Amino acid sequence: MPGAVYLETFGCQMNELDSELVSGQLRALGYQFTPDPEAADIVLYNTCSVREHAEQKVWSRLGELAEAKREKPAMVVGVLGCMAERDGVALINRMPVVDILCGPGELDRLPALLDNAVRTRRSLASESPEVMRAHRRPVEERSAREVALQGGASRRSSTLAAAGDTLELLDLSRSISPLDDDGPVKRSAYVRITRGCNKFCTYCVVPFTRGAEIHRPPEHIIDECKRLADAGVVEITLLGQTVNHYRFEHASAVTVGGVVQPQKGRAFTGGHRRDPLAGSQVTTFADLLRRIHDEVPSIARLRFVTSYPRDFGDDVLEVIRDHPRICRYLHVPAQTGSDRLLKLMNRGYEVAEYIEFLDRARAFLHQPQIGRPLMVSGDFIVGFPTETQEDFEASVRLLERARYKNSFIFKYSPRPGTIAIDKFEDDVPEAIKRERNNTLLGVQTRLSHEISLEQIGLTFDVMVEGLSVKERKRQARGQIALTVHGKAAPGPLVLDTTSPEMVARTDTDLIVTFPCPAAHTPEALAGRILRVAITDANALTLKGQALI
Ligand code: 5AD
Ligand code: SF4
């Protein structure tokens, strides 16, 4: 029996997808999953290094596991993802409770590592007292040390690198089941189109942990979309760190073992104009979007994240405009409104170019008069080294000008392994970072509120996700009240006649709540696309009534 696995995911959507693929592979090998870490024989953390906060959570979890391992010396602990790749064996030296390290570029090797680690731990746990005495450290403090990292080879640089990219096999192995673990049909899925990143923004660890940009072959991507659609998925989100840079040159594709291997990134040459090479030998991002839209018609919504503000060609904007099932939502991080800081961050564009892009995107795609607005969201970093009040005010101005529907605002956190940590002193005091963070959040909340209020009176097709968080809490409270101390609560039972509150999303990624209509059950509505009239709004959520 391979044992029960608890897998917890930290960080981004890319990690969520990696975790899904890893669990599919392990399930196929007979591993069972448990939502309860205490019931697990194998604990895996799929980690993120982008910001310090996510790492701290993992460190504290690992500290708790050291206790648990004293009780269960055969337990296997694995750290997957970016923390494993960046810290390497130093992580095991600091936390010997860790048996497995597996970087994001090596996840296809996890089953083998896990198998070895399980055997090693079992044999350690059954050591005789003499053998145990011979070791200086008790069983629970010895790691099985199964390690798979890209290490120095993380920038897969040789021309044959693509052929060696067995990671494609992990994406190809995706076990697509129409059922989620907990029953309902899965309606929304991620599909990776590009791995890694070639941008080297100075604050960012991703190019070092996820390696060079590699584009997956379009045939693999379209086939995966078709299989997901056949299994009941209606919404697909294409994933890449710089998703609009997708570009696959067919002539240079390599075939290994009957599988077309992805290729390393080539510099994007499209600009605002059409790509001169585009055509039969090249699949650009615009081509890929068009092909998925046309070849997988049962996908009602096609999304993509994250876009890079440079080199976003008109060809992509035209495809979005002309293909109704491609969502009019762009997540395009600007990071700062200061040209000086954009240079220090190595972002490769100036504020004026960013604004030019936004204006161009809106000219193509913002058509509220026909019920098809464009919504944009962004990311900002406050307190990047040397950020002055003036730089910060430029970020406030850009946020106002960009009119994001929402933005993700982060305080700069120096990350080991990045360019910025070596080059620049983290010289903006924490209190100022916090204050700037709050100021930007305040401006964003006001903008979000204004944008929400503009939606009142309009109707949208929304995709129903299920019960709202508020509703789930309300129902959980109801259950707790009825079973105080395991017994039925005293007092008369009051019949709850409130309709359950449902949550859904517009194609522009606005959140909408609405009462479940009396003739329908929440379960039956989940995953459906409904028309909803917006009647009220606050900064975060629109409220409406379903028109069915
Ligand atoms: N500090 C703060 N924020 C960061 N991000 C990436 N690296 C850092 C860092 N070192 C933010 C960027 C990016 C998002 C995913 O995380 O805004 O767009
Ligand atoms: Fe990091 Fe910049 Fe690449 Fe985004 S584009 S993953 S911020 S290096």
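Here is what the cut-offs are and how they apply
- Residues numbered from 1 in each chain as written.
- Chains lettered and ligands numbered in written order.
- Predicted model: local features only at pLDDT ≥ 70, side-chain atom pairs only at ≥ 80, totals over all residues.
- Heavy atoms only, no water.
- Helix = DSSP H or I, 4+ residues; strand = E, 2+ residues; numbered from the N terminus.
- Buried < 20%, exposed > 50% of the residue type's maximum accessible area, 1.4 Å probe, protein only.
- Contact = heavy atoms within 4.5 Å.
- Areas by Shrake-Rupley, 256 points an atom, 1.4 Å probe, with all protein chains shown as cover.
- Polar contact = N/O pair within 3.5 Å; in protein donor to acceptor, adjacent residues only side chain to side chain.
- Near = heavy atom within 4 Å.
- Nonpolar A, V, L, I, M, F, W, Y, C, P; charged D, E, K, R; others polar.
- Salt bridge = Lys/Arg side-chain N within 4 Å of Asp/Glu carboxyl O.
- pLDDT = per-residue confidence, 0-100.
- Pairing = 2+ DSSP bridges.
- Axes fitted to C-alpha atoms, helices over the stretch in contact; angles between N-to-C directions.
- Parallel < 35°, antiparallel > 145°, perpendicular 65-115°, else oblique.
- Left-handed = near helix turned anticlockwise from the far one by under 90°.

As for the overall build of the protein chain
Stage number 1. Within the protein chain, the secondary structure is distributed over 18 helices and 24 strands.
Stage number 2. Looking at the protein chain as a whole, 53% of its 548 residues are labelled buried.
Stage number 3. Long-range pairs, those at least 24 residues apart, make up 76% of the contacts in the protein chain with a sequence separation of at least 6.
Stage number 4. When the accessible area of the protein chain is evaluated, it comes to approximately 24,400 Å², of which 55% is carbon and sulfur surface.

What to know about the side chain of N15
Stage number 1. Tracing the backbone shows N15 in helix α1 (residues 13–28).
Stage number 2. A polar atom in the side chain of N15 sits 2.8 Å from the backbone oxygen of F10.
Stage number 3. Excluding anything up to four places from it in sequence, N15 contacts T9, F10, N46, T47, C48 and R210.

Brief notes about the site of ligand 1
Stage number 1. Every residue lining ligand 1 is accounted for by V50, R51, Y203, Q335, D379, I381, F410, K411, Y412, S413 and R415.
Stage number 2. A distance of 2.6 Å separates an oxygen atom of ligand 1 from a polar atom in the side chain of R51.
Stage number 3. Measuring from an oxygen atom of ligand 1, one finds a side-chain N or O atom of Q335 at 2.7 Å.
Stage number 4. Protein burial of ligand 1: of its 400 Å² of free accessible surface, 85% is covered by the chains.

Quick look at the site of ligand 2
Stage number 1. In the vicinity of ligand 2, the contacting residues are C197, K199, F200, C201, Y203, C204, V206, P207, Q241, T242, Y308 and R347.
Stage number 2. Residue classes in the shell around ligand 2 are distributed as eight nonpolar, two polar and two charged.

Concerning the pattern of salt bridges
Stage number 1. The tally for this structure, following the rule as stated, stands at 46 salt bridges.
Stage number 2. Residue E55 is joined to R86 by a salt bridge in which the shortest nitrogen-to-oxygen separation is 2.8 Å. Placement of E55 in helix α2 (residues 52–71) and of R86 in helix α3 (residues 82–87) is noted, with a sequence separation of 31 residues between them. Accessibility assignment for this pair places E55 and R86 in one class, buried.

Comments concerning the confidence of the model for the protein chain
Stage number 1. With 88% of its residues at a pLDDT of 70 or more, the protein chain shows a mean pLDDT of 89.
Stage number 2. The low-confidence segment residues 153–164, where pLDDT is below 50, has 27 contacts with residues more than four positions distant or belonging to other chains.

What about the pairing of strand β7 (residues 188–192)?
Stage number 1. For β7, a buried count of four out of five residues is recorded, marking the element as mostly surrounded by other parts of the structure.
Stage number 2. Relative to strand β10 (residues 235–239), β7 runs parallel, the two sharing five bridges. Looking at β10, one finds that V191 is bridged to L238.

Quick notes on the sheet that holds strand β9 (residues 214–215)
Stage number 1. Overall, antiparallel pairing links the three strands, which are arranged β8-β9-β14 in an open sheet. Each edge of the sheet is formed by a strand with only one pairing partner; in this case those strands are β8 (194–195) and β14 (263–264).
Stage number 2. In this structure, β9 lies alongside β14, joined through two bridges in antiparallel fashion. Looking across to β14, one finds that I214 is bridged to K264.

Topic: the packing of helix α11 (residues 314–322) against helix α13 (residues 351–365)
Stage number 1. Where α11 contacts α13, the two axes come as close as 9 Å, and the packing angle between them is 30 degrees. On the basis of the axis angle, α11 is roughly parallel to α13. As α11 packs across α13, the resulting crossing turns out to be right-handed. Facing D314, L317, E318, I320 and R321 of α11, the residues of α13 in contact are R360, A361, F364 and L365.
Stage number 2. For the contact of α11 with α13, the per-class residue count stands at five nonpolar, no polar and four charged.

Details of the sheet that holds strand β18 (residues 375–382)
Stage number 1. Pairing within the open sheet is parallel, and its three strands lie in the order β17-β18-β19. The open sheet is flanked by β17 (329–331) and β19 (406–411), the only strands paired with a single partner. Going across the sheet, the axis of each strand differs from the next one's by a mean of 10 degrees, ignoring polarity.
Stage number 2. Where β17 and β18 come together, three bridges link them in parallel fashion. Note on β18: the bridge partner recorded for H331 is S377.

A short note on the side chain of H293
Stage number 1. As for its position among the elements, H293 is in helix α10 (residues 285–295).
Stage number 2. Only 2.9 Å separates the side chain of H293 from the side chain of D294, close enough to count as a polar contact.
Stage number 3. Those residues in contact with H293, other than ones at most four positions away along the chain, are L302, H323, P324, R325 and I326.

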